[in-house]
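One letter stands for each residue in the lines below.
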Amino acid sequence: MMDKLEKVLMPMASAIGRNKFLIAIRDGFLVSTPLLIAGSIFLLLANFPIEAWTSFVENCMIGEFSLASLLSKCSDATFSIMAIFATMGIGYTMAREEGSTPIFGAAVALMAWFILMPFQFNANISSLMDATGAAVNIPEGANAVVGGLQFGWLGSKGLFVGIIAAICSVELYSWVERKGWVIKMPAGVPPTVVQSFSALIPATIVMTTFFLINVIFAACGTNAFDFIFKFLQTPLLGLGDTLGAMVVAYIFLHLFWFFGINGGSVVGAVFNPILQTLALENLDLYRAVGPEGYTVANGAHIISQQFQDLFATFGGAGSTLSLLIAMLLFCKSRRIKELGKLSLVPGIFGINEPIIFGLPVVLNPMILIPFILVPTMNIVLSYLAMAMGLFPPCNGINIPWTMPVVFSGFLSTNWMGALFQIGLLILGVFVYLPFIKIMDKQYLEEEQKAAEAGEEEEIDLDELSLDDL
């Protein structure tokens with residue numbers, strides 16, 4: 001059985017791990033990660049779930065602005081334009097994978113993305129200002145065509161277009177470069193000037209191509225953003241925002257880990273863009289309606305990046321923090337006890353490689369069942385609890401996956417979410433317990449046999465001879 005699984009999963013992991021498009025998407029999103037975490041700090045300060053604090057920041061005025069609105073500017077400068085960072089990052093990493101100049105890849109990706117973006121939209125407003133600054137009255141409820149950028153396209157709604165535009169534009173740019181269709185400068189010209197002129201023809205071809213694509217969409221009475229959001233992004237998000245999809249993804253993730261492959265990297269390359277988009281939509285809703293109106297009934301997604309990071313596993317893949325607790329409290333073998341002590345602090349912060357390779361979990365059929373079962377149980381029970389309204393779904397604030405249990409549950413949901421994490425953690429201990437006790441019994445027998453055999457025999461120096469040297 002294990003041989004058959006290995007024959008299926010190893011080639012799959014290798015193909016996904018070497019795929020340049022998935023690498024570009026995975027690494028490209030990392031560009032925005034520190035910015036989103038920093039923006040989350042300010043967003044938490046503006047919306048910390050204590051009524052006295054939220055009242056203070058809303059009523060504390062600095063000039064014409066409340067402290068809450070000023071704090072929100074930092075999140076606006078990160079979450080609201082997250083698609084820009086993602087498009088730029090994917091373009092950069094895609095160019096790196098293709099052997100092109102990464103900074104030009106980032107620039108070309110943004111250019112292609114903005115060419116496809118609509119710069120006009122209908123707004124339901126009551127008045128406008130003309131060129132002289134005088135008010136232009138419009139009947140109430142009337143629509144007016146307004147020039148500008150919609151924040152929705154700069155955020156979660158424009159993410160999939162950014163991914164497609166970045167990959168296609170840089171792929172075309174690199175193909176033109178490989179063909180040698182570049183302007184070559186004479187010797188002695190500064191390298192930066194040479195790079196700028198060599199990028200001229202490839203960038204122009206990319207611009208022309210995306211211009212023609214935009215013309216085709218315009219001739220059809222739509223634009224690329226509306227089309228992709230309606231026919232690609234919405235169905236994919238609907239598929240990803242299901243309990244079944246999350247469970248299947250996590251079964252594969254843990255099967256990869258069982259064979260020593262980083263399952264988070266393999267499965268995340270495909271699934272994480274969907275989870276991150278769902279998280280951004282949650283954040284938009286949370287900021288619009290506040291903690292009181294943030295419910296599943298109002299459109300909050302249960303499945304999201306934060307749901308995966310903070311409620312599916314505790315202590316890393318397999319939810320091994322529960323395993324660590326079982327090792328420390330109920331096991332007697334020296335090997336397991338010492339490993340548990342060494343792994344506890346990293347495990348609290350979600351780092352579990354000492355357990356994965358030290359216990360080991362890799363290629364250990366004894367631990368495979370609870371290693372898959374505990375995260376699956378966490379996902380199903382958390383999903384049901386959020387669906388029944390015991391506590392709200394994760395609010396979309398980008399809390400690092402290294403945030404310890406209880407703190408992460410409180411910051412992403414409320415106190416009920418934190419208590420629920422504790423309950424899942426304890427439940428996981430009892431699922432792991434019978435399996436780790438079997439291993440503990442085996443290790444105890446091995447240690448006793450080693451002690452009886454006197455493996456650490458003393459060396460008699462009198463018996464040493466150097467005559468044969």
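Notes on the structure in this doc start here. (Residues numbered from 1 in each chain as written. Predicted model: local features only at pLDDT ≥ 70, side-chain atom pairs only at ≥ 80, totals over all residues. Heavy atoms only, no water.)

Some details on the overall build of the chain
- Each helix and strand in the chain was counted, giving 21 helices and six strands.
- In the chain, which comprises 469 residues, the share counted as buried stands at 44%.
- The long-range fraction of contacts in the chain, counting pairs at least 24 apart against all pairs at least 6 apart in sequence, stands at 74%.
- Entry remark: accessible area of the chain is about 23,600 Å², with carbon and sulfur atoms responsible for 67%. (Helix = DSSP H or I, 4+ residues; strand = E, 2+ residues; numbered from the N terminus. Buried < 20%, exposed > 50% of the residue type's maximum accessible area, 1.4 Å probe, protein only. Contact = heavy atoms within 4.5 Å. Areas by Shrake-Rupley, 256 points an atom, 1.4 Å probe, with all protein chains shown as cover.)

Let's talk about the nonpolar core
- Within the largest apolar cluster, 115 residues are counted, with the highest numbers of intra-cluster contacts made by Trp113, Phe307, Met327, Leu359 and Ile436.
- With residues near it in sequence (within four places) discarded, leucine 359 still touches Leu323, Met327, Arg335, Ile336, Leu339, Pro354, Ile367, Ile436, Met439 and Tyr443.
- Membership of the second largest hydrophobic core comes to five residues, among which are Ala46, Leu67, Ala68 and Leu71. (Core = buried A, V, L, I, M, F, W, Y, C linked by side-chain atoms within 4.5 Å.)

Describing the packing of helix α14 (residues 263-293) against helix α15 (residues 305-312)
- At a minimum axis separation of 6 Å, α14 and α15 run at an interaxial angle of 100 degrees. Comparing the axis directions of α14 and α15 gives the class roughly perpendicular. Here Phe271, Asn272, Leu275, Gln276 and Ala279 of α14 lie close against α15, whose contacting residues are Gln305, Gln306 and Gln308.
- Its residues assigned to classes, the contact of α14 with α15 shows three nonpolar, five polar and no charged. (Axes fitted to C-alpha atoms, helices over the stretch in contact; angles between N-to-C directions. Parallel < 35°, antiparallel > 145°, perpendicular 65-115°, else oblique. Nonpolar A, V, L, I, M, F, W, Y, C, P; charged D, E, K, R; others polar.)

Quick notes on the packing of aromatic side chains
- With the rule as written, the count across this model stands at 13 aromatic pairs.
- Between the aromatic rings of tryptophan 113 and phenylalanine 225, the centroid separation amounts to 5.9 Å while the plane-to-plane angle is 50 degrees, which identifies the pairing as tilted. Here tryptophan 113 is found in helix α7 (residues 102-116), whereas its partner phenylalanine 225 is found in helix α12 (residues 224-240), with 112 residues between them in sequence.
- For phenylalanine 225, a relative accessible area of 0% translates into the label buried.
- On the basis of an interplanar angle of 20 degrees and a centroid distance of 5.7 Å, the ring pair of phenylalanine 311 and phenylalanine 391 is categorised as stacked. Here phenylalanine 311, found in helix α15, pairs with phenylalanine 391, found in the loop between α19 (365-387) and α20 (407-412); they are 80 residues apart in sequence, far enough to count as distant. Just as phenylalanine 311 is buried, phenylalanine 391 falls in that class too.
- Directly above the ring of tryptophan 153 sits lysine 157, whose terminal nitrogen or CZ lies 4.5 Å from the centroid. (Phe/Tyr/Trp six-rings, centres within 6.5 Å; stacked < 30°, edge-to-face > 60°. Lys NZ or Arg CZ within 6 Å of the ring centre and 35° of its normal.)

Side note on helix α21 (residues 415-453)
- In this model α21 runs 54 Å from its N-terminal to its C-terminal C-alpha over 39 residues, within 8% of the 57 Å that 1.5 Å per residue would give.
- Here α21 starts with a cap whose side-chain oxygen sits 3.0 Å from the backbone nitrogen of methionine 416, and that cap is asparagine 414. (Expected span 1.5 Å × (residues − 1). Polar contact = N/O pair within 3.5 Å; in protein donor to acceptor, adjacent residues only side chain to side chain.)

Focus: the pattern of salt bridges
- Going through the model one piece at a time under the given rule, you end up with nine salt bridges.
- Put simply, lysine 437 and aspartate 440 hold a salt bridge, and the shortest N to O gap is 4.0 Å. Taken as a pair, lysine 437 and aspartate 440 lie in helix α21 at a separation of three residues, close to a single helical turn.
- Using a relative accessible area of 2% as the deciding quantity, one classes aspartate 440 as buried.
- Within the structure, one salt-bridge network assembled from shared partners comprises Lys20, Glu98, Glu171 and Arg178. (Salt bridge = Lys/Arg side-chain N within 4 Å of Asp/Glu carboxyl O.)

A closer look at a nonpolar patch on the surface
- Where nonpolar side chains cluster on the molecular surface, the patch consists of Leu381, Leu384, Met388, Leu390, Met416, Leu419, Ile422, Ile426, Leu427 and Phe430 and spans about 930 Å² of accessible area.
- For the nonpolar patch, the elements supplying multiple residues, two or more each, are α19 and α21.
- The element contributing the most residues to the nonpolar patch is α21, with six residues.
- Take leucine 390: it is sitting in the loop between α19 and α20.
- Note on leucine 390: relative accessible area 46%, which makes it partly exposed. (Patch = residues over 30% accessible without salt bridge, like charges linked within 9 Å, V, L, I, M, F, W, Y side chains within 5 Å.)

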